[in-house]
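# Coordinate analysis (summary)
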Amino acid sequence: MKHGDFTELAKFYIDRPGYSTVLLACLKNHIFNSVGEGQVADIGAGTGKLTENLVSVGCTGFAVEPNDAMRAEGQKLFAEKTEFTWREGAAEQTGLDDNSVSWALMGSSFHWTDSVQAVKEFYRILVPGGFFTAIWNPRDIESSELHKRIEDAVYSEVPNMKRVSSGKTVTTAEMKEKLLAGGYFKDILFMEAPHTELMAKERYMNIWKSVNDIRVQAGEEGFLKILEKIEKIIAEFDEIEVPYLSRSWTVQSCK
């Protein structure tokens, strides 16, 4: 398996958590009050986790995803829904029209892009004064002794592991450097909001099975050992309470 290749993991992505709808609703109100209500683009939409959250706060628009397997899962999820149209495309080349959306987002995927090309593309598809948001949804490990134990178990198997990005370590300085480069965007806004999901053990394990960068660095044998360790730690629980911290950075187009 390669870094960033989610073809084999698509079937597990349906079990991943959504993002804080409190945070998304606040951003939506701010953005639509600024530029008027318009279409939204979820870029790198995967299987539609963020897309679902956007629907729940009243958004409509486009879900853009480059991976065929991931996009197929998203289209299946949205088979009976009309709020978002699914498109093949990537952050660097969305396939959307110029000036066609008021708000573009990337959920837990901006770190996989060529940020220079992606920022230019977001600028192109946004209406004048439109907004782009990069959002991540890491576990809030420090707030839970259970998840501290699980994190220790992961690193005991891969001591020198370097996460591509779980969103936990992303900084505003780093995002300023990437999002404000070239003068396309301005006024970076950082927001974060905690939320908790209660889930069955099977779903919790499927979320771990969907993680790409740990699997690549651990190797298949090492990754199986990690999964076994996690299963032992959670064996005593009927359900797992998982704390998350949605973290977002939003910029406005200089158009």
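Our subject in this report is the structure included herewith. (Residues numbered from 1 in each chain as written. Predicted model: local features only at pLDDT ≥ 70, side-chain atom pairs only at ≥ 80, totals over all residues. Heavy atoms only, no water.)

Within the protein, the secondary structure is distributed over nine helices and seven strands. Computed over C-alpha atoms, the radius of gyration of the protein comes to 18 Å, within 12% of the 18 Å expected from 2.2 N^0.38 for 255 residues, which places it in the range of a compact globule. Each of the three principal axes of the protein carries a C-alpha extent, and together these read 55 × 40 × 30 Å. The proportion of buried residues among the 255 residues of the protein is 51%. If you take every contact in the protein between residues at least 6 apart in sequence, the share linking residues at least 24 apart comes to 81%. (Helix = DSSP H or I, 4+ residues; strand = E, 2+ residues; numbered from the N terminus. Rg over C-alpha atoms; globule rule 2.2 N^0.38 Å. Buried < 20%, exposed > 50% of the residue type's maximum accessible area, 1.4 Å probe, protein only. Contact = heavy atoms within 4.5 Å.)

Where strand S2 (residues 61-65) lies against strand S3 (residues 84-88), five bridges are found, and the strand directions are parallel. Its bridge partner being in S3, Gly61 is matched across the sheet by Phe84. A crossover connection joins S2 to the parallel S3 through helix H4 (residues 68-77); in handedness this β-α-β unit is right-handed. (Pairing = 2+ DSSP bridges. Right-handed = clockwise from strand over helix to strand, strands pointing away.)

Attention shifts here to the packing of helix H6 (residues 145-157) against helix H9 (residues 212-234). Running from N to C, H6 and H9 cross one another at 145°; their axes reach a closest spacing of 9 Å. Crossing geometry of H6 relative to H9 is assigned as right-handed. In contact with Leu146, Arg149, Ile150, Ala153, Val154, Ser156 and Glu157 of H6, H9 contributes Ile214, Gly222, Lys225, Ile226, Lys229, Ile230, Ile233 and Ile234. (Axes fitted to C-alpha atoms, helices over the stretch in contact; angles between N-to-C directions. Left-handed = near helix turned anticlockwise from the far one by under 90°.)

Turning our eyes to something else, we now look at the sheet that holds S2. Here seven strands make up an open sheet; going across it, the order is S3-S2-S1-S4-S5-S7-S6 and the pairing mixed. Edge positions in the sheet fall to S3 and strand S6 (185-200), since each has one partner strand and no second. Each strand of the sheet is rotated relative to its neighbour by a mean of 20°, with strand direction disregarded. Bridge count for S6 against strand S7 (residues 239-253) is 14 bridges, and the pairing is antiparallel. Across the sheet, Phe185 pairs through a bridge with Ser253, a residue of S7. Relative to strand S5 (residues 126-136), helix H2 (residues 21-35) is tilted by about 170°, and along the sheet it contacts strand S1 (40-43), strand S4 (101-107), S5, S6 and S7. Where H4 meets the sheet, it contacts S2 and S3, and its direction lies at approximately 165° from that of S3.

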